[in-house]
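Report on the structure
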Amino acid sequence: MSQTVDFNDRMLSLGLARVSEAAAIASAKLIGRGDEKAADQAAVDAMRTQLNLLDIAGTVVIGEGERDEAPMLYIGEEVGTGKGPGVDIALDPLEGTTLTAKDMPNALAVISMAPRGTLLHAPDVYMDKLAVGPGYAEGVVTLDMDPAERVYQLAKAKGGTAADITVCILERDRHADLIKAVRSTGAAIRLIPDGDVAGVMHCAEADQTGIDMYMGSGGAPEGVLAASALKCMGGQIYGRLLFRNDDERGRAERAGISDFNRIYARDDMVTSDVIFAATGVTDGSLLRGLKREVGWITTETVLMRSKTGSVRRMTYRTPV
């Protein structure tokens with residue numbers, strides 16, 4: 001059940017936008033240059049530097065990996081000046097490193113912040129995800145339904161047929177049966193190469209993006225970021241952790257998870273108010289990418305607060 005906790009989110013929200021802007025701007029010189037690691041590292045460095053300017057006692061709960069895997073923005077790292085409210089932070093300094101390296105659509109810098117102890121500490125494993133946008137009854141689709149039934153139920157709720165439904169799915173070999181099942185209904189599929197936070201967010205603005213539903217497996221940390229976005233934008237997301245081996249189960253146990261079959265709804269992953277910021281790196285359906293001119297760079301950022309339901313789109317132009 002969601003809580004309402006005052007963590008100074010109104011004052012912190014603009015600072016959070018600066019954090020995602022900084023990460024995006026840092027990756028600008030590496031768009032289309034074919035170097036995923038360099039692009040990611042530039043974004044990580046910039047995001048960490050900007051986070052440490054905020055008056056928060058922040059803990060990274062969704063980050064670049066476990067401490068022995070990531071020197072910066074690792075899970076458990078403390079960020080901020082330490083002088084403000086205690087907060088959980090979920091981040092992906094560059095969601096879509098491959099998209100950035102290849103100059104493909106929908107690469108984003110994303111971050112969310114909520115009161116301490118209110119974001120799911122999702123381990124770095126896969127999560128089976130299902131999401132729809134706002135305006136539907138709770139549970140109109142569920143993870144327990146087969147893919148075709150989800151399409152038919154959503155079409156019925158939308159007042160149309162399966163042919164009126166478009167589903168967003170990551171283009172992966174593991175999704176071959178899922179894609180076949182969805183297409184058997186007559187629904188359309190938008191296949192994306194990477195970036196499933198953006199994929200889920202597309203559902204919340206179906207009129208703009210043309211996407212009604214997201215389904216398929218992807219990173220569990222990205223599921224928490226996507227839930228943060230939908231908490232602000234409206235919509236439903238369900239996730240169930242998927243484990244390939246004992247090492248991954250061990251990661252879940254270290255994160256405090258004991259029920260390996262639990263289905264997490266949006267408000268289970270984000271149990272209180274949250275603020276969310278995303279800045280476009282490459283052009284996409286949700287945000288314009290970075291625009292470089294001689295001596296200048298321009299960004300577009302979406303900044304959202306679940307407490308008020310406010311969604312701001314901001315353009316920032318700065319000399320470089």
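Residues numbered from 1 in each chain as written. Predicted model: local features only at pLDDT ≥ 70, side-chain atom pairs only at ≥ 80, totals over all residues. Heavy atoms only, no water.

**With respect to the domain arrangement of the protein**
Under the domain assignment used here, the protein contains domain 1 (9-117 + 273-319) and domain 2 (126-269). The C-alpha centroid of domain 2 is placed 23 Å from the C-alpha centroid of domain 1. Listed by partner, the interface residues are 24 residues for domain 1 and 23 residues for domain 2. Summing both partners gives a buried area of about 2,000 Å² for domain 1 against domain 2, and 68% of it is carried by carbon and sulfur. In this assembly, domain 1 and domain 2 are joined by one salt bridge. Among the ionic pairs, E205 bridges to R313, the shortest N-O distance being 3.3 Å. Our count for the domain 1 to domain 2 interface comes out at six residue pairs in polar contact (both at pLDDT 80 or more). Of all elements in the fold, only β3 (86-95), α3 (97-101), β4 (108-115) and β13 (296-305) reach the threshold of two or more residues within the side of domain 1 that touches domain 2. (Domains from an automatic or database assignment. Contact = heavy atoms within 4.5 Å. Buried area = accessible area lost by both parts, 1.4 Å probe. Salt bridge = Lys/Arg side-chain N within 4 Å of Asp/Glu carboxyl O. Polar contact = N/O pair within 3.5 Å; in protein donor to acceptor, adjacent residues only side chain to side chain. Helix = DSSP H or I, 4+ residues; strand = E, 2+ residues; numbered from the N terminus.)

**Considering the packing of aromatic side chains**
The final tally for this structure, using the stated rule, is one aromatic pair. Here the aromatic rings of F243 and F260 are separated by 4.9 Å at their centres, their planes lie at 45°, and the arrangement is tilted. Taken together, the positions of F243 in the loop between β9 (236-242) and α9 (246-254) and F260 in the loop between α9 and β10 (263-265) put the pair 17 residues apart, joining distant regions of the chain. F260 gets classed as partly exposed once you look at its relative accessible area, which sits at 21%. The ring of Y126 carries the charged tip of R174 above its face, separated from the ring centre by 4.4 Å. Directly above the aromatic system of W296 lies the positively charged group of R317, at a separation of 4.0 Å from the ring centroid. (Phe/Tyr/Trp six-rings, centres within 6.5 Å; stacked < 30°, edge-to-face > 60°. Buried < 20%, exposed > 50% of the residue type's maximum accessible area, 1.4 Å probe, protein only. Lys NZ or Arg CZ within 6 Å of the ring centre and 35° of its normal.)

**So, the UniProt feature "binding site: Mn(2+) 2" (unreviewed entry) in the protein**
As annotated in UniProt, the feature "binding site: Mn(2+) 2" (unreviewed entry) corresponds to D92, E95 and E222 in the numbering used here. These annotated residues cover 131 residues of sequence, but their C-alpha atoms sit close together, with the largest distance between any two at 8.7 Å. Looking at the secondary structure, you find D92 in strand β3. Excluding anything up to four places from it in sequence, D92 contacts E64, L108, A109, V110, E222 and L225. As for its placement among the helices and strands, E95 is situated in strand β3. Look at E95 and you get buried, because its relative accessible area is 2%. Among all residues touching E95, those that are not within four sequence positions of it are N106, A107, L108, V110, G195, D196, V197, A198 and E222. (UniProt positions renumbered as here; feature names shortened; annotations may be inferred.)

**Details of the UniProt feature "binding site: Mn(2+) 1" (unreviewed entry) in the protein**
Mapped onto this numbering, the UniProt entry annotates "binding site: Mn(2+) 1" (unreviewed entry) at D40 and E64. A compact arrangement is adopted by the annotated residues: their sequence extent is 25 residues, whereas the largest C-alpha distance between any two is 9.9 Å. Note that D40 resides in helix α2 (residues 36-51). On the secondary structure map, E64 appears in the loop between β1 (57-62) and β2 (78-79). What E64 contacts, discounting residues up to four positions off in sequence, is D40, V44, A70, M72, L73, D92 and P93.

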